[in-house]
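# Summary of the model geometry
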Amino acid sequence: MIEKAFTRIANQVAHLAGLPATFAICVLIVVAWALSGPMFGFSDTWQLVINTGTTIVTFLMVFLIQNTQNRDGAAIQAKLDELIRVSRAHNHFIGIEHLTESEVEEIRSKCEAAAKRHDREIAEKATKAVAGKNGTKHAPKTAGAATKKTAAGKSASKKKAAA
């Protein structure tokens, strides 16, 4: 009961806070406060009014916005998990949001490396296909040279590691 009421209020306040009209009202409040400064002699009380008001609003908004963000993030994660579950994607990615930052970073690095390998394979296949259509039997020398350099670099690295 309380959770549903809080969720409803948090959603409504978050929605209202994001409207251009809300921003305009806040600007008008600050301008009115600034213009009233001479009338109150720029006193400590005059300054305290705006400081207290903005602090209270900020304090409350942090919790409402965080609640909304948490719910939105959890909903998106559930949707992504379901897409992973019903697709050909790897199910071991489901729930990785609960891992530590370093564990997630390790998975991300592995995924990036796999994507780069896949991109290289596609590029090599495309180069061979283009070479085949042009009537040449071999891929352009630049691609072969790059592959030879990479292979040579790997052999040199292995030799250094063995020494």
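## Some details on the pattern of salt bridges
Applying the stated rule across the entire model yields 4 salt bridges. As a salt-bridge pair, E82 and R85 come within 2.6 Å of each other at their nearest N and O atoms. With E82 and R85 both in helix α3 (residues 44–86) and 3 residues apart, this pair spans about one turn of that helix. Judged by its relative accessible area of 37%, E82 falls in the partly exposed class. When its relative accessible area of 48% is taken as the criterion, R85 is described as partly exposed. One salt bridge in this structure joins E112 and R108, with 2.3 Å as the shortest N-O distance. In this pair, E112 and R108 both sit in helix α4 (residues 101–133), 4 residues apart, roughly one turn of the helix. For E112, a relative accessible area of 37% puts it in the partly exposed group. Owing to a relative accessible area of 39%, R108 belongs among the partly exposed residues under this scheme. Taken together, the salt bridges that share partners define one network made up of E105, R108 and E112.

## Quick look at the side chain of S36
Following the sequence through the fold, S36 ends up in the loop between α2 (20–35) and α3. What makes S36 buried here is its relative accessible area of 13%. Among the polar contacts listed, one links the side chain of S36 to the side chain of W46, at a separation of 3.1 Å.

Conventions used here
- Residues numbered from 1 in each chain as written.
- Predicted model: local features only at pLDDT ≥ 70, side-chain atom pairs only at ≥ 80, totals over all residues.
- Heavy atoms only, no water.
- Salt bridge = Lys/Arg side-chain N within 4 Å of Asp/Glu carboxyl O.
- Helix = DSSP H or I, 4+ residues; strand = E, 2+ residues; numbered from the N terminus.
- Buried < 20%, exposed > 50% of the residue type's maximum accessible area, 1.4 Å probe, protein only.
- Polar contact = N/O pair within 3.5 Å; in protein donor to acceptor, adjacent residues only side chain to side chain.

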